[in-house]
Amino acid sequence: MSLIVVRDLRKTYRVRQATEGFLQGLASVIGSGTTEVRAVDGVSFVIEPGECVGYLGPNGAGKSTTIKVLTGILVPSGGSVTVAGLTPWRQRMQNARQIGVVFGQRTQLYWDLPLMHSFEMLQHIYGIPKARYESTLGEFRGLFGLDEFIRTPVRQLSLGQRMRGDLVAAMLHEPTILYLDEPTIGLDLVAKDQILENIATLNRVKGITVLLTTHNLAEVERLCRRIILIHQGRILHDGDLEAFKQKHAPFRTLVVHLAHPAPPVIRPLPGADIAVVARDRLEVRFPRGVSPQNLIREIAGTFEVRDLAIEEASLEGVLRELYREPPAEAASR
Amino acid sequence: MLRYGAFAQAALRREGVYRVNVVVGLLGLVLGLYVLHLVWTELYRANAAVAPAGITLPAMLTYMVIGQLALLVVQVDSTPLIREKVREGIIAYDLLRPVRFPLYLLADNLGSAAFRLLIALPAAVLAALLLDVQLPPDALHVLAFGASLGFGLVIAFLLDFLANLTAFWTLETFGLQYMLRFAGFVLSGVFVPLWFFPDVWRPLVTALPFASIYGTPLSIFVGRLDGGELWSAMLLQVTWTLLLAGAAGWAWSAAERRVVVQGG
Amino acid sequence: MGVECRGAARRRSGGLGVTLFRYPWLFMHYWRLSALVMAQYPLNTVIWLVFATIYHLSSIGILWAMLQRFPVLGGWTFPEMFFLYALWNMAHGLYAITLAKVYWLSRHVREGRFDIFQIRPVGALFQVITTPEGISLQDPLIAIVLFVVAVGQLHVALTPTDFALLPAIVVGGALVKGGLLLAVYALSFWAVRMDAGRQLLETLEVQFVRFPLSIYPQAVQWFFSFVLPFAFVSFVPAQLILRKDTVALLSPQLGYLTPAVGLAVFAAGYLLWRIGLRRYESTGS
């Protein structure tokens, strides 16, 4: 039986002007002046236990809204959602026991208290039996290396440490599903790497079903084989990541820094698109499957090269590609 | 000198920004006046048999109204400017500026006071019309009241400043300045005139600086202090001002030294 | 592990019986955690104690000074007014360590923490009021000391019945205060910034509760008895205990109704909260 079933989910917001102050707030309760925003417009997907799914989309695409509905925070305008047989917003507290959530931009830890105390509080909130709690916590302490900062007040932790703390906090009650809403935002490369590794462990070693939202394609690549791409409230792609990259991001770019300004006319190279981007910089687009070896040799033979770099496709770039055709056609592919 | 004027102006403008606070504060003032008016009227009525120490109800009500308005205007609070900054470690910036910090604080507080005065004056006029407030007996008393209130403001500022300076040594003395303020509510005679206090306590309480903040100017306003008593009371105010200013100056250089040593 | 966990989760979600035990237990844990936080700043705790003492001394001092020359106010003497103040403080003390944190709701919503409260298997309101930051466990302790002193200096002795009624009265008073605050802050779900509303409520309470209700005109008495029932926090039960009858509008016997009034006010506030919550769930902000 599928774990998460979403059918034709719709959520429309009425946006009214922000109010300030007591009297104006009172007035706003009576008055109106609103516009409709379709945050999620007919989204459907199914997630099986043990999957790790990347939920991608640019900002404002509807990712957070979907997560909020799945976690039971938000009541949708239409459609149905079942998470392990429960309707999240109707059986909120029951659903809460089987899910763990990490919000990248807000922490659920208590700011002034040592990390340890946040965990303790959660133990009591979830009603975890002491023995169970100790063994779970012990396991995570080892896995994620918490010991060095578990007694530090949360406000003194680095962002990377805090995220690890949040991850453990979300997992203390051993949920079967883990939702992550932009968990690597603001992290430096090392910390990002670590968190992604931790999440990967949870999914591959412990079999937790993971739904991760992000707008960073590279992150998803590391963790998930399946991605769901959402844009303007609709799903544009739902399936294997590799296939997606083949179809929509079939190119990579070789960035060449020249020692001298590029000549006005450049002989075209077979199988590659050369673009002169600046006086001394070339961007060479080439197909994904092809090794850049020949290309590099050609270029090094033709120009004096100061520096070389290879860039992966970005989500923004992919979307730009996708929007050469209308979204409806792209979705039906 | 002009520089300090600018600080005062900035404080004036800043206070005005928090419109909601102003409205609620004003409401608190009006309600407070209303309640106290009822209280004193009732006190006099229910205890008509007891001689009210030579002050009539109208005079008492005047004292109360002017007292509450003075309370509104004189309330000094340098906490955000000192304590918070020390806590956040940015006090060093203030010390680097080419202005004398204590004077800057004083100017800031004067600016805030001026803003509150702008609100207090129309409220005072309203109160005078509605609540039967008696004016001071002559021009001398008016001038003396103004001067006396000015001294009171400076004394209040100095006490608050000294209390806040403890922040340079430990942040844990939060609330010290507010404790002084609460002590001031009772001991300054702003709610209950000092001459209602039992004879045993009166000399001590009168000698404390708190009495020189509100008690003296208010007594002048209702004409309770005259001639020799008036001058000696004001002399006490001047004495306290000088004493506290000296202490403040000394404490401030100690604080400055501490910042240099500790590094902000 | 997945299937087993799901089963366990369903079992643990229990019914009303579990709820009745869990919430008080969580409360105690919250207090314990808060005490730990306070213990980390011992000097701060002591300073706060001194501060509160001076604050109370000053409030009582003003009353005392007033009643030096004029022994009676509205039919109440100083010892009786001291008692009135102390009784109010008891209710406030209980309120401070239980319901007072409701005013953090604005902040939680603004900072996005409120969403986090909703993904836990415990009521959101409960989590708001048990935020273990910035609690002052000293308030109820000081209130008890004050109360003992106040009772000691009364000219009449309290009967055992009076003492038996006391917990219900204090709880009722705390519920009135909490309920009113909850009603005001439930509006946060519509207008977000309700701090002015809270200040207004506090101003009204502080200004009028200091003195016996008997000195106010009938309209004001009516207002604080039936619109914002602050009178039931201390004045009405004090009349009952001290066997005074100074307000025509309110017979001392109404003091027995204090817990009921508390429950009613809290229920009203809670209803507004539920409505607000539902609105929040459908608009998500």
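This is a predicted model, so every value here is computed, not measured.

The rules behind each value
- Residues numbered from 1 in each chain as written.
- Chains lettered and ligands numbered in written order.
- Predicted model: local features only at pLDDT ≥ 70, side-chain atom pairs only at ≥ 80, totals over all residues.
- Helix = DSSP H or I, 4+ residues; strand = E, 2+ residues; numbered from the N terminus.
- Buried ≥ 20, exposed ≤ 12 C-beta atoms within 10 Å, placed from the backbone.
- Contact = placed C-beta atoms within 7 Å.
- Pairing = 2+ DSSP bridges.
- Axes fitted to C-alpha atoms, helices over the stretch in contact; angles between N-to-C directions.
- Nonpolar A, V, L, I, M, F, W, Y, C, P; charged D, E, K, R; others polar.
- Core = buried A, V, L, I, M, F, W, Y, C linked by C-beta atoms within 7 Å.
- Parallel < 35°, antiparallel > 145°, perpendicular 65-115°, else oblique.
- pLDDT = per-residue confidence, 0-100.
- Domains from an automatic or database assignment.

> Can you help me understand the overall build of chain A in this one?
Broken down by element type, chain A carries 12 helices and 13 strands. Of all 333 residues assigned to chain A, the portion counted as buried reaches 40%. Put simply, of all contacts in chain A between residues at least 6 apart along the chain, 70% involve residues at least 24 apart.

> What is the right way to read the sheet that holds strand 12 (residues 281-287) of chain A from this model?
Whenever strands of a sheet pair, they do so through backbone hydrogen bonds, lying parallel or antiparallel. All names here are of chain A. With antiparallel pairing, 4 strands are arranged side by side in an open sheet as 11-12-10-13. Only two strands of the sheet have a single partner each, and these edge strands are strand 11 (273-278) and strand 13 (305-311). Mean inter-strand twist for the sheet, computed between neighbouring axes without regard to direction, equals 25°. Direction of pairing for strand 10 (residues 251-258) relative to strand 12: antiparallel, over a ladder of 7 bridges. By the bridge assignment for strand 12, Arg252 is matched with Phe286. Helix-sheet contacts for helix 10 (residues 293-302) involve strand 10, strand 12 and strand 13, and the interaxial angle to strand 13 is about 155°.

> Would you mind going over the interface of chain C and chain B with me for this structure?
With 29 residues of chain C at the contact, the number on the chain B side is 31 residues. Here the side of chain C that touches chain B takes 14 residues from helix 3 (residues 42-69) of chain C, the largest share from any one element. Considered class by class, the residues forming the side of chain C that touches chain B number 20 nonpolar, 8 polar and 1 charged.

> I keep staring at unusual backbone geometry and nothing clicks. Help me out?
Note: most peptide bonds trans; most residues except glycine with negative phi. Residues and elements named next belong to chain A. Even without glycine at this site, Asp8 takes up a positive phi of about 55°. You can see Asp8 is positioned in strand 1 (residues 4-16). Here Asp8 falls in the partly exposed class, since 14 other C-beta atoms lie within 10 Å of it. Positive phi outside glycine occurs at Ala84, with the angle close to 50°. Looking at Ala84, the number of C-beta atoms within 10 Å reads 25, which means it is buried.

> What exactly am I supposed to notice about the nonpolar core here?
As a rule of thumb, nonpolar side chains are buried together in soluble globular proteins. The biggest cluster of nonpolar side chains holds 142 residues, and the ones touching the most others in it are Ala70(B), Val102(C) and Tyr185(C). Of all the elements, helix 4 (residues 78-97) of chain C adds the most residues to this core, at 14 residues.

> Would you mind showing me how to read the packing of helix 8 (residues 176-187) of chain B against helix 3 of chain C here?
For any two helices packed against each other, the geometry is given by the interaxial angle and the distance between the axes. Following both chains from N to C, one finds helix 8 of chain B and helix 3 of chain C inclined at 10°, their axes separated by 8 Å at the closest point. Looking at the two axes, helix 8 of chain B sits roughly parallel to helix 3 of chain C. In this structure, helix 8 of chain B uses Tyr178(B), Met179(B), Phe182(B), Ala183(B), Phe185(B) and Val186(B) to contact helix 3 of chain C, whose residues at the interface are Phe51(C), Ile54(C), Tyr55(C), Ser58(C), Gly61(C), Ile62(C) and Ala65(C). Here the residues of the contact of helix 8 of chain B with helix 3 of chain C sort into 11 nonpolar, 2 polar and no charged.

> Please explain the pairing of strand 5 (residues 99-103) of chain A as it appears in this structure.
If a strand is regular, its side chains alternate between the two faces of the sheet. Residue and element names in this part refer to chain A. Burial of strand 5 is extensive: 5 of the 5 residues sit out of reach of the surface. Burial along strand 5 is two-sided: Ile99, Val101 and Phe103 and Gly100 and Val102, pointing in opposite directions, are all buried. Where strand 5 and strand 6 (residues 177-181) come together, 5 bridges link them in parallel fashion. Pairing of Gly100 across the sheet is with Leu178, part of strand 6.

> What is the right way to read the sheet that holds strand 8 (residues 226-231) of chain A from this model?
Residues and elements named next belong to chain A. With respect to topology, 6 strands assemble into an open sheet ordered 5-6-7-3-8-9, the strand pairing being mixed. Looking at which strands have only one partner, the edges of the open sheet turn out to be strand 5 and strand 9 (234-240). Strand-to-strand twist of the sheet, defined as the mean angle between neighbouring strand axes without regard to direction, takes the value 15°. As paired strands, strand 8 and strand 9 are joined by 6 bridges and run antiparallel to one another. Among the inter-strand pairings, Ile228 is bridged to a residue of strand 9, identified as Asp238.

> Quick question: what am I supposed to make of the pairing of strand 13 of chain A here?
All names here are of chain A. Burial within strand 13 is sparse, with just 0 of its 7 residues counted as buried. Here strand 10 pairs with strand 13 via 6 bridges, running antiparallel. What sits directly across from His257, in strand 13, is Asp307.

> Could you clarify how one ought to interpret the confidence of the model for chain B in this entry?
Should pLDDT be low for a region, the predicted coordinates there are not to be read in detail. All names here are of chain B. Across chain B, the average pLDDT comes to 81, with 81% of residues at 70 or higher. Of all the helices and strands in chain B, helix 1 (residues 2-17) carries the lowest mean pLDDT, 62, while helix 10 (residues 215-221) carries the highest, 91. For this predicted complex, the interface confidence reaches an ipTM of 0.83, while the overall pTM sits at 0.80.

> I'm lost on the domain arrangement of chain A in this one. Help?
The accessible area lost on association of the parts is a frequent measure of interface size. Each assigned domain of chain A is listed with its residue range as follows: domain 1 (4-246) and domain 2 (250-312). Put simply, the middle of domain 1 of chain A and the middle of domain 2 of chain A, counted by C-alpha atoms, are 41 Å apart.

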